[in-house]
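In case you want the letters, here they are:
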Amino acid sequence: KAGLNRSFPWQTGKTFSEIIRYTLKDAVQDYLKSKQADGIREGTVKIYQLGLTHFQTAVGKTLPVREITINHIDQYKAYFLDKIKPATVNMDLRTIRAFLHWLEERGKIDAIPRIKIRKENRLPVYLTNTEFDEILNRIDPHFQRAFWFYRETGLRLSEPFNGEINGSFLTIPADQYKGKKDHTVYLTPELKAIALEMKSMVEEKVKRGISTRINAIQLYTAVFYKACQGNKKKGLEPIRHRKFHSLRHTSAVRLYLKTRDIYAVMKRCHEAARA
């Protein structure tokens, strides 16, 4: 009755007009700031940002959040389904769903549209022994040992460098692990020696100013990619559809073939199923 310019103390002085016009752009900015304040890893925040940017592109940045309905979710799907990979669509939908829950918890929206994640039955992209041996033949001994380490442990690219070695165990702290809790991996003497060698190489590059820490770690990915590319002039055929992450898939497949225990594989990779 007092009009749209009436302010409310519990809304930090905002007028009613401002409250009902809390747009998608405003909400996304607040959400990302909240996640950064929670200590979420920068890489994860960037994934959230990308997914919500896709959503804004499809439905408009000025959409008031209280007006978001299932029709806007469908609008996003229709806009991006043919433009990005299905796996990325699913990742975006999970991000949007978490974002809407965050809004509901803070009273910014009254209800959350039901978002269905598309089911995918993707097979693991693993390396056969022949493919793995061929890759090793194309690289120098340090990277041979490093790739064998990744295949044996199933660790992600940065995890050996983010973890601390204590005795025979590599412990990755919760804030550096995708599963969001401390993760410990047993290392044989040979694996431990390789982990120390990898850490030492990265630290030496940083110390000498040759590279940043991130670039030194990403070099492992670059070497793997180049090895898979092959070299026709040298008679090296490309090994197609393989990425560095294939070493992790290969580790899981090898564990299953060794144990025939899918639950053992799930236990090692449980955080990937939740991601």
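Please refer to the structure higher up on the page.
Everything in this summary refers to the structure shown in the same document. Within each chain, residues carry numbers counting from 1 in the order of the written sequence. The predicted nature of this model means local features are confined to residues of pLDDT at least 70 and side-chain atom pairs, given and counted, to a pLDDT of 80 or more, with totals for whole chains, interfaces and linings taken over all residues. Calculated side-chain values reflect all of the structure's heavy atoms, with hydrogen atoms and water omitted.

For the rest of this paragraph, the subject is the overall build of the protein. Across its full length, the protein holds 13 helices and three strands. Per-residue accessibility, obtained with a 1.4 Å probe over protein chains only, is compared with the maximum for each type, and a residue is labelled buried under 20%, exposed over 50%, and partly exposed between these values. Classification of the 275 residues of the protein by burial places 37% in the buried group. Throughout, a residue-residue contact means that at least one pair of heavy atoms, one from each residue, lies within 4.5 Å. Counting only contacts in the protein whose residues sit at least 6 apart along the sequence, the fraction spanning at least 24 positions is 56%. Total accessible area computed for the protein in this model is approximately 17100 Å², and 52% of it derives from carbon and sulfur atoms. What counts as a helix is a DSSP run of H or I of at least four residues, what counts as a strand is a run of E of at least two, and both are numbered from the N terminus. Each accessible area is a Shrake-Rupley estimate made with a 1.4 Å probe; only the visible protein chains count as cover when residues are assessed.

Below, the discussion takes up unusual backbone geometry. Even without being a glycine, His 241 presents a positive backbone phi close to 60°. For His 241, the location among the structural elements is in the loop between helix 10 (213–229) and helix 11 (246–259). Classification of His 241 as exposed rests on a relative accessible area of 70%.

We define a nonpolar core as any set of buried Ala, Val, Leu, Ile, Met, Phe, Trp, Tyr and Cys residues linked to one another through side-chain atoms lying within 4.5 Å. Counting 33 residues, the largest nonpolar core has Ile 135, Phe 147, Phe 149, Met 198, Tyr 220, Phe 224 and Leu 247 as its most contacted members. For this core, the elements supplying multiple residues, two or more each, are helix 6 (129–137), helix 7 (141–153), strand 2 (169–172), helix 9 (189–207) and helix 10. Looking at this core, the element that brings in the most residues is helix 10, giving seven residues. Those residues within four positions of Phe 224 in sequence are excluded, and the remaining contacts are Leu 127, Ile 135, Phe 147, Arg 242, Lys 243, Phe 244 and Leu 247. One finds Val 28, Leu 63, Leu 93 and Trp 102 within the second-largest nonpolar core, a separate group that totals 28 residues.

With that settled, consider the sheet that holds strand 2. Within the open sheet, the three strands sit side by side as 1-2-3. Their pairing is antiparallel. Each edge of the sheet is formed by a strand with only one pairing partner; in this case those strands are strand 1 (164–166) and strand 3 (183–186). Neighbour to neighbour, the strand axes of the sheet diverge by 25° on average, direction disregarded. Two strands qualify as a pair provided DSSP detects at least 2 bridges between them. Two elements, strand 2 and strand 3, share four bridges in a ladder whose sense is antiparallel. Directly across from Leu 170, in strand 3, lies its bridge partner Val 185. Axis lines are fitted to C-alpha atoms, over the contacting stretch for helices. Their N-to-C directions set the angle, which ranges from 0 to 180 degrees.

What follows concerns the packing of helix 4 (residues 70–80) against helix 5 (residues 86–105). Running from N to C, helix 4 and helix 5 point in directions that differ by 155°, and their axes come no closer than 11 Å. When the axes of helix 4 and helix 5 are compared, the pair comes out roughly antiparallel. Crossing of helix 4 over helix 5 shows right-handed handedness. Taken together, the residues of helix 5 that come into contact with helix 4 (itself represented by Ile 73, Tyr 76, Lys 77 and Phe 80) are Thr 88, Val 89, Asp 92, Leu 93 and Ile 96. When grouped by side-chain class, the residues that make up the contact of helix 4 with helix 5 number six nonpolar, one polar and two charged. Oblique is the label for any angle not under 35 degrees, not over 145, and not in the 65 to 115 range, which are roughly parallel, roughly antiparallel and roughly perpendicular in turn. By definition, any crossing whose near helix is turned counterclockwise from its far helix by less than a right angle is left-handed, and any crossing with a clockwise turn is right-handed. Gly falls in the polar group here, along with every residue not listed as nonpolar (Ala, Val, Leu, Ile, Met, Phe, Trp, Tyr, Cys, Pro) or charged (Asp, Glu, Lys, Arg).

Centres within 6.5 Å make a pair out of two Phe, Tyr or Trp rings, where for Trp the six-membered ring is used; the pair is then stacked when the planes are under 30 degrees apart, edge-to-face when over 60, and tilted otherwise. Taken as a whole and judged by the stated rule, the model has 15 aromatic pairs. Ring plane angle 75° and centroid distance 5.3 Å describe the contact between Tyr 31 and Phe 99, whose orientation is recorded as edge-to-face. Of this pair, Tyr 31 sits in helix 2 (residues 24–37) while Phe 99 sits in helix 5; the two residues are 68 residues apart in sequence, bridging distant segments of the chain. Owing to a relative accessible area of 2%, Tyr 31 belongs among the buried residues under this scheme. Ring pairing ties together the aromatic residues Phe 143, Phe 147, Phe 149, Tyr 150, Phe 161, Tyr 220, Phe 224 and Phe 244, which thus form one cluster. Think of it as a cone above the ring: NZ of Lys or CZ of Arg counts as a charge over the ring if it is within 6 Å of the ring centre and within 35 degrees of the ring normal. Positioned above the aromatic ring of Tyr 79 is the side chain of Lys 83, whose terminal nitrogen or guanidinium carbon lies 4.4 Å from the ring centre.

We now examine a nonpolar patch on the surface. Patch criteria: residues need more than 30% relative accessible area and no salt bridge. Like-charged residues are merged within 9 Å; nonpolar side chains of Val, Leu, Ile, Met, Phe, Trp and Tyr are merged within 5 Å. A pairing counts as a salt bridge when a side-chain nitrogen of Lys or Arg comes within 4 Å of a carboxyl oxygen of Asp or Glu. A grouping of Tyr 256, Leu 257 and Ile 262 is seen on the molecular surface, where their side chains present a nonpolar patch of about 270 Å² in accessible area. In this structure, Ile 262 sits in helix 12 (residues 262–268).

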